[in-house]
Amino acid sequence: MTVEIVENTVEIPEDVNLTLQDNKVAVTGPNGKVERDFGHAKLNISYTNNMFRVWAENPRKKEVSLVNTLTSHVGNMIKGVTDGFTYYLKIVFIHFPMNFQVQGNKLIINNFIGEQAPRTAKIIPGVDVRVDGDDIIVSGPDIEAVGQTAANIQQSTHIRNKDLRKFLDGIYVYKKE
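Predicted model, so just to flag it, every value in this text is computed and none were measured. The written sequence of each chain sets the order in which its residues are numbered from 1. Totals for whole chains, interfaces and linings use all residues, but because this is a predicted model, local features are given only for residues with pLDDT of at least 70 and pairs of side-chain atoms are given and counted only at 80 or more. The side-chain numbers reported here are obtained from all heavy atoms of the structure, hydrogens and water having been left aside.

1. Let's talk about unusual backbone geometry
Peptide bonds are trans in most cases, and residues, glycine excluded, mostly fall at negative phi.
Argument step 1. Look at asparagine 49: it is not a glycine, yet its phi comes out positive at around 50 degrees.
Argument step 2. Here a strand is any run of E in DSSP of at least two residues, a helix any run of H or I of at least four, and the numbering for each starts at the N terminus. Structurally, asparagine 49 is set in the loop between strand E5 (44-48) and strand E6 (51-57).
Argument step 3. Note on exposure labels: buried denotes an accessible area under 20% of the residue type's maximum, exposed denotes more than 50%, and partly exposed covers the range between, all computed with a 1.4 Å probe on protein chains only. Residue classification places asparagine 49 among the exposed positions, given a relative accessible area of 76%.
Argument step 4. The backbone of isoleucine 113 shows a phi angle near 40 degrees, a positive value even though the residue is not glycine.
Argument step 5. Mapped onto the elements of the fold, isoleucine 113 is located in the loop between strand E9 (106-110) and strand E10 (119-122).
Argument step 6. What makes isoleucine 113 buried here is its relative accessible area of 13%.

Structure (structure tokens):
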């Protein structure tokens, strides 16, 4: 009986420190630290000689895809702690000028289409949000936290019960790095 092995590896750069403990991966680098738990994946994971290796023996289709998914996640973690991730959002208003304030873990949007009550967007911990002119810059080491924060900001200015062809006001993601 032959044993089929599906494996994938990720090389760890010199300025990045990876720790593996009970399927929990922590990557530390110049831009910070990102942790992730891979306990749900019943795969073999090892880290030796600056190589992160994921493999499965006699895998089913789902396990084969999980091998590549886990290595992609670790690659994104490495990219995040070395280069970081940045989302750029454009502030668009035609009718009413909007005002923004970052207060703790919330972005407060005042005067959106003339509304009296301010709208808020949740900022996930570990993410930096800056307002620069008519741009909002969301950056951080964790791609999921940065993407979710950008989505929260964009969704907070979703327009309902108005003609979307006429009311183009809002905040929209226009570039990802």
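2. Here's the deal with helix H2 (residues 143-156)
Argument step 1. Working rule for helices: expected span equals 1.5 Å times residues minus one. Helix length check: H2 (14 residues) gives 20 Å between terminal C-alpha atoms against 20 Å at 1.5 Å per residue, within 8%.
Argument step 2. Where H2 is concerned, the buried positions are Ala145, Val146, Gly147, Thr149, Ala150, Ile153 and Ser156.
Argument step 3. Those residues of H2 that are buried lie in contact with strand E7 (85-92), E9, E10, strand E11 (128-132), strand E12 (135-140) and strand E13 (170-176). The contact definition used throughout considers only heavy atoms, calling two residues in contact when any of these lie within 4.5 Å.

3. Notes on the sheet that holds strand E1 (residues 5-11)
Argument step 1. The sheet built from three strands is open, its strands ordered E1-E6-E5 with antiparallel pairing. The open sheet terminates on both sides in strands that have one partner only, identified here as E1 and E5. Across the sheet, the axes of successive neighbouring strands diverge by a mean angle of 20 degrees, strand direction being ignored.
Argument step 2. Any two strands between which DSSP finds at least two bridges are classified as paired. As defined by bridge partners, E1 adjoins E6 across seven bridges and the pair is classed as antiparallel. Paired with valine 6 across the two strands is alanine 56, which belongs to E6.
Argument step 3. Against the sheet, helix H1 (residues 61-82) touches E1, E5 and E6, its axis set at about 5 degrees to E1. Whenever a helix is involved, its axis is fitted only over the stretch in contact; in every case the axis is a line through C-alpha atoms, and angles between N-to-C directions fall within 0 to 180 degrees.

4. Let's talk about the sheet that holds E12
Argument step 1. Pairing is antiparallel across the open sheet formed by four strands, whose spatial order is E11-E12-E7-E13. Single-partner strands in this sheet number two, and they are E11 and E13. For this sheet, the mean inter-axis angle between neighbouring strands, taken without regard to orientation, is 25 degrees.

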